[in-house]
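What follows is each chain in one-letter form.
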Amino acid sequence: MPPDAVVANDLLALQQAAYASARTEKPWVRRTLIGLALAFVALLVLAPLAIVFLFAFEKGWHVYLAALADPIAWSAIRLTLFTAAVGVPINTAFGVAAAWAITKFDFRGKSLLITLIDLPFAVSPVIAGLIFVLLFGLQGWLGPWLVEHGVKVIFAPAGIVLATMFVTFPFVARELVPLMQAQGAEEEQAAMMLGASGWKTFWRVTVPNIKWGLLYGVILCNARAMGEFGAVSVVSGHVRGLTNTMTLHVEILYNEYNTAAAFAVASLLTVLALVTLVLKSLIESRHLKPLKAKLARESRGDVE
Amino acid sequence: MARTGTSRSRRARVLPGFGLTLGFTLAYLGLIVLLPFAALVWKTSELSWGDFWSKITDPRVMASYRLSFGTAFVAGVVNLVFGLVVAWVLVRYRFPGRRLIDAIVDLPFALPTAVSGIALTTLYAKTGWFGSVLDRFGIQSAFSPFGITVALAFVGFPFVVRTVQPALEDLEAELEDAAASLGATRLQIFLRVLLPSVLPALLTGFALSFARALGEYGSIVFIAGNQPMKTEITPLLIIVKLEQYDYAGATAIAVSLLAASFVLLFAINLLQAWSQRHHAA
């Protein structure tokens, strides 16, 4: 190497060292920031998580199992499962239908429709419950008519299911609309032109394309349906064994100072939340992120 | 969302199912969302303006607004600072446990609010892990605005992290290189280059966290103590009015709270538009 090239190399190395110190933080700054982040997450998020399991098993397995085997706890678990079993499939069907209409066709008022679909997310759970009381309650809009026909919605399981359907309304649609928008309609059009029927096109082309986004939306929808508290609290009337969901049962037990039993039922809901988180992050990292990256590349017109 | 280029404009109605899917969508939307909202409008229209005004400016209601807005604001600011730190650390550094922390950030989204509520109350009660420590410093944490703020910080935390994280990931390394080659120090680069680029995302996260906190009920009702004029949040007051069969009062307060949510939603949309322009520039 000629001498001036060596000097130039040294200069370059010096310059790069200066860049490097300006491009990242000093080790002590990094360590402090990591420590701060870990401490905040531990204190704010992990501590409550630990408390649930510690207090659930505080008095041993025996008390834990007894709290779950209690007939009133069972009826709460059944009502929660029933609510999710009705609400989640209907909201899923709605989400797919809405996403199909919104992303495969152009029509007037589309952006208004998208805004209205998101509306339940902007509403306090308490207000979500209130509007159903105003609609179906004794003093409500349809109340007198319902009484005449002997139908009970408020302070009955029907109200709980309806309020839950309201709060979980946007989950599936919100996940599918951006995904199907990015995918476009060419593949479906090609299938139709090759002679496939509409249903066949949907099941063979659309469903395989959207399955991970769909599953993601369903999982989030289900977690919220089983965990909803504020909205169902307003419409439930808290009739033990009849209109108590798991979250409402937790509230009653806790307010009766039956802490171990309250946390035992809460621990089931917490396991559901943890399973939801694991599935969510798996679907995100394994399927949705690669899929979205691929769609972004295609939309820029890059060659594969 | 992402533009898909020219392909979308050429889309013709060769696909079937438009009537079926749009019909089902509108019918279901009408039944589950619009009909209950119509009941709210109906109940509100039965109130005279003076009646409505006196119901939403009642001293007990005003005290609840002050508490709800105040605690939601403080919780939002706490999340703004720590949400940025956590998002920064997750995007920029590699350390053991990073993926676990990344996943656990969403726990407040997934955990039912009643469970968060009783767990936080147990932690911050006088005999709890944190409550006993704070009590030694003369801070009453549970059954006070302090406890409400902690619970609101808990529920709002993922919003800030999850809006700031993608903004940090999208930052272009060239900008930092350019600033570095012009002789800027690391702190200058952070304050002058990085922070302004993620500011729209940060504010969006703050607004989302604030909006969620305003309507929050489940995680607050256990830790708040629920004393009128002191620790009674606005959503709880709606339930109190309902339990007294004061439907008109509950409706009026709900409408005022909804109005605040819609203003925030509008602000969030503006922020997101700003953020996208920022991104495109």
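About the cut-offs
Residues numbered from 1 in each chain as written. Chains lettered and ligands numbered in written order. Predicted model: local features only at pLDDT ≥ 70, side-chain atom pairs only at ≥ 80, totals over all residues. Heavy atoms only, no water. Helix = DSSP H or I, 4+ residues; strand = E, 2+ residues; numbered from the N terminus. Buried < 20%, exposed > 50% of the residue type's maximum accessible area, 1.4 Å probe, protein only. Contact = heavy atoms within 4.5 Å. Areas by Shrake-Rupley, 256 points an atom, 1.4 Å probe, with all protein chains shown as cover. Lys, Arg positive; Asp, Glu negative; His and termini not counted. Charge placed at Lys NZ, Arg CZ, Asp CG, Glu CD. Rg over C-alpha atoms; globule rule 2.2 N^0.38 Å. Buried area = accessible area lost by both parts, 1.4 Å probe. Salt bridge = Lys/Arg side-chain N within 4 Å of Asp/Glu carboxyl O. Polar contact = N/O pair within 3.5 Å; in protein donor to acceptor, adjacent residues only side chain to side chain. Nonpolar A, V, L, I, M, F, W, Y, C, P; charged D, E, K, R; others polar. Patch = residues over 30% accessible without salt bridge, like charges linked within 9 Å, V, L, I, M, F, W, Y side chains within 5 Å. Core = buried A, V, L, I, M, F, W, Y, C linked by side-chain atoms within 4.5 Å. Arc of directions from axis to C-beta. pLDDT = per-residue confidence, 0-100. Phe/Tyr/Trp six-rings, centres within 6.5 Å; stacked < 30°, edge-to-face > 60°.

Observations concerning the overall build of chain B
No. 1: Helices and strands together make up the secondary structure of chain B, namely 13 helices and 0 strands.
No. 2: Written out in order from the N terminus, the α and β elements of chain B read α-α-α-α-α-α-α-α-α-α-α-α-α.
No. 3: Structurally, chain B occupies a C-alpha span of about 70 × 65 × 35 Å along its principal axes.
No. 4: Expressed as a percentage of its 281 residues, the buried residues of chain B come to 53%.
No. 5: Looking at chain B alone, contacts between residues at least 24 apart form 75% of all its contacts between residues at least 6 apart.
No. 6: When the accessible surface of chain B is summed, it comes to about 12700 Å², and 65% of that surface belongs to carbon and sulfur atoms.
No. 7: In chain B, 22 side chains carry a positive charge and 16 a negative one; their mean positions are 4 Å apart.

Some points on the overall build of chain A
No. 1: The secondary structure content of chain A amounts to 14 helices and 0 strands.
No. 2: Relative to the 2.2 N^0.38 estimate, which gives 19 Å for 304 residues, the radius of gyration of chain A is 27 Å and therefore markedly larger than a compact globule would have.
No. 3: Over its C-alpha atoms, taken along the principal directions, chain A stretches across nearly 100 × 65 × 35 Å.
No. 4: A burial count over chain A gives 50% of its 304 residues as buried.

Topic: the interface of chain A and chain B
When the parts of a complex come together, some accessible area is lost, and that lost area is often taken as the interface size.
No. 1: Contacts between the two partners involve 95 residues from chain A and, on the opposite side, 92 residues from chain B.
No. 2: Note on chain A versus chain B: buried area summed over both sides is about 8600 Å², and carbon and sulfur give 79% of it.
No. 3: Linking chain A with chain B are 2 salt bridges.
No. 4: For the salt bridge of A:Glu25 with B:Arg186, the shortest nitrogen-to-oxygen distance reads 2.7 Å.
No. 5: Where chain A meets chain B, there are 7 residue pairs in polar contact (both at pLDDT 80 or more).
No. 6: For the side of chain A that touches chain B, the element with the highest residue contribution is helix α2 (residues 27–56) of chain A, accounting for 20 residues.
No. 7: Broken down by class, the residue content of the side of chain A that touches chain B amounts to 66 nonpolar, 20 polar and 9 charged.

Side note on the pattern of salt bridges
No. 1: Under the criterion given, the structure shown has 15 salt bridges over all chains.
No. 2: Residue A:Lys294 pairs with A:Glu298 through a salt bridge whose shortest N-O separation is 3.7 Å. Placement of the pair is A:Lys294 and A:Glu298 together in helix α14 (residues 259–300), with a separation of 4 residues, close to one helical turn.
No. 3: Owing to a relative accessible area of 42%, A:Glu298 belongs among the partly exposed residues under this scheme.
No. 4: One salt bridge connects B:Arg186 with B:Glu176, and the closest N-O pair in it is separated by 3.1 Å. Of the two residues, B:Arg186 is situated in helix α10 (residues 186–215) and B:Glu176 in helix α9 (residues 173–181); the sequence distance between them amounts to 10 residues.
No. 5: Look at B:Arg186 and you get buried, because its relative accessible area is 11%.

Details of unusual backbone geometry
Residues and elements named next belong to chain B.
No. 1: The phi dihedral of Phe 143 falls on the positive side, at around 60°, and the residue is not glycine.
No. 2: Residue position: Phe 143 is located in the loop between α7 (129–136) and α8 (145–169).
No. 3: Backbone geometry at Asn 226 places phi at a positive 55°, although glycine is not the residue there.
No. 4: Tracing the backbone through its elements, the reader meets Asn 226 in the loop between α11 (218–221) and α12 (234–243).

A look at a negative patch on the surface
No. 1: There is a patch of like negative charges on the surface, built from B:Glu169, B:Asp170, B:Glu172 and B:Glu174.
No. 2: Position of B:Asp170 among the secondary structure elements: in the loop between α8 and α9.

Points about the nonpolar core
No. 1: One finds A:Ile117, A:Phe166, B:Phe37, B:Tyr124, B:Phe157 and B:Ile238 to be the most contacted residues of the largest nonpolar core, which totals 178 residues.
No. 2: It is helix α3 (residues 59–92) of chain B that provides the largest number of residues to this core, a total of 13 residues.
No. 3: Once residues lying within four places of it in the same chain are set aside, the contact partners of A:Ile117 are A:Phe94, A:Ala98, A:Ile102, A:Phe169, A:Pro170, A:Ala173 and B:Leu29.

A closer look at a nonpolar patch on the surface
No. 1: A contiguous nonpolar surface patch, about 320 Å² in accessible area, is contributed by B:Phe73, B:Val74, B:Val77 and B:Val81.
No. 2: For B:Val81, a relative accessible area of 46% corresponds to the partly exposed category.

Looking at helix α3 (residues 60–69) of chain A
Residues and elements named next belong to chain A.
No. 1: Where α3 is concerned, the buried positions are Tyr 64, Ala 67 and Leu 68. Along the long axis of α3, the arc covered by the buried residues comes to 95°, so they all point the same way. Seen from the buried face of α3, the exposed residues on the opposite side, beyond 90 degrees, are His 62 and Ala 69.
No. 2: Structurally, α3 contributes buried residues whose contacts are with α2, α4 (71–104) and α14.

Overview of the confidence of the model for chain A
No. 1: Looking at chain A, the pLDDT average stands at 90 and 93% of residues meet or exceed 70.
No. 2: Here helix α1 (residues 3–23) of chain A is the element of chain A with the lowest mean pLDDT, 67, and α4(A) is the one with the highest, 96.

Concerning the confidence of the model for chain B
Residue and element names in this part refer to chain B.
No. 1: Of all residues in chain B, 94% have pLDDT values of 70 or greater, and the mean over the chain is 89.
No. 2: Confidence scores differ between elements of chain B, with α9 showing the lowest mean pLDDT of 83 and helix α6 (residues 113–124) the highest of 96.
No. 3: Considering only residues more than four positions removed or in separate chains, one finds that residues 1–11, a stretch of pLDDT under 50, has 13 contacts.
No. 4: The complex model carries a pTM of 0.89, and its ipTM stands at 0.89.

Brief notes about the packing of aromatic side chains
No. 1: Taken as a whole and assessed by the stated rule, the structure comprises 31 aromatic pairs over all chains.
No. 2: Between A:Phe166 and B:Phe37, the ring centres sit 6.2 Å apart and the planes meet at 45°, which makes this aromatic pair tilted. Of this pair, A:Phe166 sits in helix α8 (residues 157–167) while B:Phe37 sits in helix α1 (residues 18–45), placing the two residues on different chains. The exposure classification of A:Phe166 matches that of B:Phe37, with both residues buried.
No. 3: Here the aromatic residues A:Phe94, A:Phe169, B:Phe24 and B:Tyr28 are joined through ring pairs into a cluster of three or more.

Points about the side chain of A:Lys280
No. 1: As for its placement among the helices and strands, A:Lys280 is situated in helix α14.
No. 2: Taking relative accessible area as the criterion, A:Lys280 reaches 10% and is therefore assigned buried.
No. 3: Excluding its chain neighbours within four sequence positions, the residues that come into contact with A:Lys280 are A:Tyr216, A:Leu220 and B:Asp106.

Here's the deal with the side chain of A:Thr168
All names here are of chain A.
No. 1: Looking at the element boundaries, Thr 168 is found in the loop between α8 and α9 (171–183).
No. 2: Within the local environment of Thr 168, its side chain forms a polar contact with the side chain of Asn 91, the two groups lying 2.8 Å apart.
No. 3: When near neighbours in sequence (up to four residues on either side) are disregarded, Thr 168 contacts Asn 91, Cys 221, Arg 224 and Ala 225.

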